[in-house]
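What the coordinates show
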Amino acid sequence: MGSREGRQMTKEYYVDLIKQKYPHLTNQEVELWIGRAWNTLLYESFKMDTSSVDFFCKAFYDITVSKDSYDEYYCSLPVRPVQLPDNADGVRRVMGSKNGVDVVFVPVPRDSFGVFAELDVNKVDHAIGFSTKFNKIIWESNPNVDKVKMDIVPMFEDYDDDEEVSAPMGFDVRLTALVDQMMLGIPDSKFWQAINQNKVNN
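Everything quoted here is computed from the prediction, not taken from an experiment.

Quick look at the sheet that holds strand β1 (residues 58-64)
- Here we have 8 strands laid out as an open sheet, ordered β1-β8-β4-β5-β6-β7-β3-β2, and mixed in their pairing. The sheet is open, and its two edges are formed by β1 and β2 (66-67), each paired on a single side.
- With 3 bridges joining them, strand β3 (residues 73-76) and strand β7 (residues 136-139) adopt antiparallel strand pairing. Of the residues in β7, the one forming a bridge with Cys 75 is Ile 137.

Looking at the layout of surface pockets
- Of the voids in this model, the largest pocket is the one considered here, and its volume is about 250 Å³.
- Arg 80, Pro 81, Gln 83, Phe 134 and Met 155 are, among the 13 residues lining the largest pocket, the residues nearest its centre.
- Classifying every residue of the lining of the largest pocket gives 6 nonpolar, 4 polar and 3 charged.
- Counted as a void, the second largest pocket has a volume near 220 Å³.
- Together, 15 residues line the second largest pocket, and Ser 45, Ser 52, Pro 168, Phe 171 and Arg 174 are the ones closest to its centre.
- The element best represented in the lining of the second largest pocket is helix α2 (residues 27-48), accounting for 4 residues.
- For the lining of the second largest pocket, the per-class residue count stands at 9 nonpolar, 3 polar and 3 charged.

Quick word on unusual backbone geometry
- Residue Asp 71 is not a glycine yet carries a positive backbone phi of 65°.
- Locating Asp 71 in the fold gives a position in the loop between β2 and β3.
- Judged by relative accessible area, which is 52%, Asp 71 ranks as exposed.
- A positive phi angle is found at Asn 99, which is not glycine, with a value near 55°.
- Topologically, Asn 99 is positioned in the loop between β4 (91-98) and β5 (101-107).
- For Asn 99, a relative accessible area of 74% corresponds to the exposed category.

Focus on the packing of helix α1 (residues 11-19) against helix α5 (residues 171-184)
- Two elements in contact, α1 and α5, have axes separated by 11 Å at closest approach and are oriented at 45°. Overall, the two elements α1 and α5 adopt an arrangement that is oblique. Read as a crossing pair, α1 and α5 show a hand that is right-handed. Two secondary-structure elements touch here, α1 through Tyr 13, Tyr 14, Leu 17 and Ile 18 and α5 through Phe 171, Asp 172, Leu 175, Thr 176 and Val 179.
- For the contact of α1 with α5, the class distribution of residues is 7 nonpolar, 1 polar and 1 charged.

A word on the environment of Trp 33
- Looking at where Trp 33 falls in the secondary structure, it is placed in helix α2.
- Distance in space between the C-alpha atoms of Trp 33 and Met 182 is 8.1 Å, their sequence separation being 149 residues.
- For Trp 33, the residues in contact, after removing those within four places along its chain, are Leu 25, Val 179, Met 182 and Met 183.

Brief notes about the pattern of salt bridges
- Counted by the stated rule, this structure contains 10 salt bridges.
- Ionic pairing is found between Arg 93 and Asp 54, a salt bridge with its closest N-O pair at 3.8 Å. Of the two residues, Arg 93 is situated in strand β4 and Asp 54 in the loop between α2 and β1; the sequence distance between them amounts to 39 residues.
- The exposure class assigned to Arg 93 is partly exposed, which follows from its relative accessible area of 32%.
- Given the relative accessible area of 36%, Asp 54 is considered partly exposed.
- Across the salt bridge formed by Glu 163 and Lys 58, the nearest N and O atoms sit 2.2 Å from each other. With Glu 163 in the loop between β8 (147-152) and α5 and Lys 58 in strand β1, this residue pair connects regions lying 105 residues apart in the sequence.
- A residue is classified by how much of its surface remains accessible, and Glu 163, at 16% relative accessible area, is buried.

Rules and cut-offs
- Residues numbered from 1 in each chain as written.
- Predicted model: local features only at pLDDT ≥ 70, side-chain atom pairs only at ≥ 80, totals over all residues.
- Heavy atoms only, no water.
- Pairing = 2+ DSSP bridges.
- Helix = DSSP H or I, 4+ residues; strand = E, 2+ residues; numbered from the N terminus.
- 1 Å grid on protein atoms, 1.4 Å probe; cavity = no way out; pocket = protein on both sides within 12 Å on 5 of 7 lines; lining within 4 Å.
- Points joined across faces, edges and corners; volume = space filled by probe spheres on them.
- Nonpolar A, V, L, I, M, F, W, Y, C, P; charged D, E, K, R; others polar.
- Buried < 20%, exposed > 50% of the residue type's maximum accessible area, 1.4 Å probe, protein only.
- Axes fitted to C-alpha atoms, helices over the stretch in contact; angles between N-to-C directions.
- Parallel < 35°, antiparallel > 145°, perpendicular 65-115°, else oblique.
- Left-handed = near helix turned anticlockwise from the far one by under 90°.
- Contact = heavy atoms within 4.5 Å.
- Salt bridge = Lys/Arg side-chain N within 4 Å of Asp/Glu carboxyl O.

Pasting the structure below:
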């Protein structure tokens, strides 16, 4: 399966890990299989513990805030975020500052923009709601900043080949096992039964 000793955990590392077992696959095919398993692992882990995906976050700085022809304020996302079962998806944090004062951004459903603006918490904390939409985030109102910092959980395919991929110890083993399972057509429920049973036994 390969060893992580003395080797940086890059995207290329994960691809080589699977290629050793399935040398007939092209790198692009391997990336697609890993990406599918990657998304599944993060999605299921998030459902069990919402803080579990923080380990996979990547920070992006100085992302420009723009305004479109409909007077909506938005930021283009630098990578595609993993889809997660909450309002923010894989955009875990959005931060900004104005004149040395931190500006709070809170993920809310797009259809709740008007409701959120009327809440007392919005008036007291000056929190501004945002929503993810395709390749951008959209604010409910003027965010009052020119640039923001984002913490995003990227899709596996959006990492560069030599870029280090943040993941907890043992994640490569779980990822490889899930890729094997998917290629054999074994239902996901069997994999998670094994994972949960291992947690109980340990």
